[in-house]
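# What the coordinates show
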Amino acid sequence: MTVALVEAYATLARRVLGGPARLGRTRLVAVDGPSGAGKSVFTARLADALAALPDGGRPPVVHTDDLLDGWDDQFTFWARLERRVLAPLRAGRPGSYQRYSWVRRAFLPRAVPVPVVPVLLLEGVSAARAAIRPELTLSVQVTAPAGLRLRRALDRDGVQLLPELRRWHAGEEAHFAADRTAAAVDLVVDGAPTLPHDRDHYYVRRPPPVTPVDPA
């Protein structure tokens, strides 16, 4: 029987730095999972752990929400990410992107630079999609129960966005099923753990999903 395990962010950070750079000279870490699962918290704590290493340094974080052109760009933003960030880094050149303002409903004019660095964290829904997997040093999916994720989203965004959130969550569910994300990532993290632990320095790893055996 497999069980959930408490593991240290510091150990994971060393694993990242010890891994191969597959996106040019950059080790790309993708933190995926549905909205409200706890991706941003996990990413921030991993960044803290990387910054604390002797040869580390705090890595930049690209949040996919900053690249979305509003609610209707849930997954189609990827071409923008590829053109502005991934392709330049792949060629050993710095990238940049414009951050979307959900208040103004437009991209802000000032570009956000993405330098060529040893480690880059990419956080957001579909960050570990199949298109980028061969170039990832580490892929993570953060999960949490659907009801809790919806409550977190409503607390953050407001009940007036409930129709958009329900549509968004349905899109996520369809994407993760088609992409087979949970079975493909290197690490599945519990974003709502009940095991007692120091949450600033440790996370709870969930066992990988069981693949059904074909009786034929």
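Residues numbered from 1 in each chain as written. Predicted model: local features only at pLDDT ≥ 70, side-chain atom pairs only at ≥ 80, totals over all residues. Heavy atoms only, no water.

### Here we look at the nonpolar core
Counting 25 residues, the largest nonpolar core has Leu28, Val62, Leu81 and Leu120 as the members making the most contacts within it. Top element by residues in this core is helix H3 (residues 78-90). It accounts for five residues. For Leu120, the contacting residues outside a window of four places in its chain are Thr26, Arg27, Leu28, Val29, Pro60, Val62, Val85, Leu89 and Val114. Residues Tyr9, Phe42, Leu187 and Tyr203 belong to the second largest nonpolar core, which totals 22 residues. (Core = buried A, V, L, I, M, F, W, Y, C linked by side-chain atoms within 4.5 Å. Buried < 20%, exposed > 50% of the residue type's maximum accessible area, 1.4 Å probe, protein only. Helix = DSSP H or I, 4+ residues; strand = E, 2+ residues; numbered from the N terminus. Contact = heavy atoms within 4.5 Å.)

### Things to note about unusual backbone geometry
It is generally the case that most residues other than glycine have a negative phi and that most peptide bonds are trans. The phi angle at Arg105 is positive, at roughly 60°, despite the residue not being glycine. Relative to the helices and strands, Arg105 is located in the loop between strand E4 (95-101) and strand E5 (106-114). For Arg180, which is not glycine, the phi dihedral falls at a positive 55°. Here Arg180 shows up in the loop between helix H5 (162-179) and helix H6 (181-184). Residue Arg180 is classed as exposed on the basis of its relative accessible area, which comes to 54%.

### Description of helix H4 (residues 146-157)
The terminal C-alpha atoms of H4, which comprises twelve residues, lie 16 Å apart, in line with the 16 Å expected from a rise of 1.5 Å per residue. Those residues of H4 that sit buried are Arg149, Leu150 and Ala153. Along H4, the residues classed as buried sweep out an arc of 100° about the axis, all on the same side. Away from its buried face, by an angle of more than 90 degrees, H4 presents the exposed residues Arg151 and Asp155. Those residues of H4 that are buried are in contact with H5. Once H4 ends, the next one or two residues include Gly158, with phi positive near 100°. (Expected span 1.5 Å × (residues − 1). Arc of directions from axis to C-beta.)

### Concerning the sheet that holds strand E2 (residues 27-32)
An order of E1-E9-E8-E7-E2-E6-E3 is seen for the seven strands of this open sheet, with the pairing classed as mixed. Edge strands, defined here as strands with exactly one partner in the open sheet, are strand E1 (5-8) and strand E3 (61-63). In this sheet, adjacent strand axes meet at a mean angle of 30° when their direction is disregarded. Bridge count between strand E7 (residues 136-143) and strand E8 (residues 187-190): four bridges; the pairing is parallel. (Pairing = 2+ DSSP bridges. Axes fitted to C-alpha atoms, helices over the stretch in contact; angles between N-to-C directions.)

### Looking at a nonpolar patch on the surface
A cluster of nonpolar residues, Val6, Leu195 and Tyr202, forms a patch on the protein surface that exposes about 230 Å² of accessible area. By the secondary structure assignment, Tyr202 is in strand E9 (residues 202-206). Look at Tyr202 and you get partly exposed, because its relative accessible area is 37%. (Patch = residues over 30% accessible without salt bridge, like charges linked within 9 Å, V, L, I, M, F, W, Y side chains within 5 Å. Areas by Shrake-Rupley, 256 points an atom, 1.4 Å probe, with all protein chains shown as cover. Salt bridge = Lys/Arg side-chain N within 4 Å of Asp/Glu carboxyl O.)

### Regarding the pattern of salt bridges
Note on pairing: side chains with opposite charge can pair once their charged atoms come close. Counted by the stated rule, this structure contains eleven salt bridges. Residue Arg45 pairs with Asp200 through a salt bridge whose shortest N-O separation is 3.7 Å. Of the two residues, Arg45 is situated in helix H2 (residues 39-52) and Asp200 in the loop between E8 and E9; the sequence distance between them amounts to 155 residues. Asp72 is the partner of Arg167 in a salt bridge, and the nearest nitrogen-oxygen pair spans 3.5 Å. With a gap of 95 residues between them, Arg167 in helix H5 and Asp72 in the loop between E3 and H3 connect regions that are remote in the sequence. Sharing partners across several salt bridges, the network here consists of Asp72, Glu164 and Arg167.

### Remarks on the packing of helix H1 (residues 9-18) against H2
Direction vectors running N to C along H1 and H2 enclose 70°, while the axes themselves pass 8 Å from each other. Of the possible angle classes, the one that applies to H1 and H2 is roughly perpendicular. Side by side, H1 and H2 meet where Tyr9, Ala10, Leu12, Ala13, Val16 and Leu17 of the first sit next to Phe42, Arg45, Leu46, Ala49 and Leu50 of the second. The residue inventory of the contact of H1 with H2, partitioned by class, reads ten nonpolar, no polar and one charged. (Parallel < 35°, antiparallel > 145°, perpendicular 65-115°, else oblique. Nonpolar A, V, L, I, M, F, W, Y, C, P; charged D, E, K, R; others polar.)

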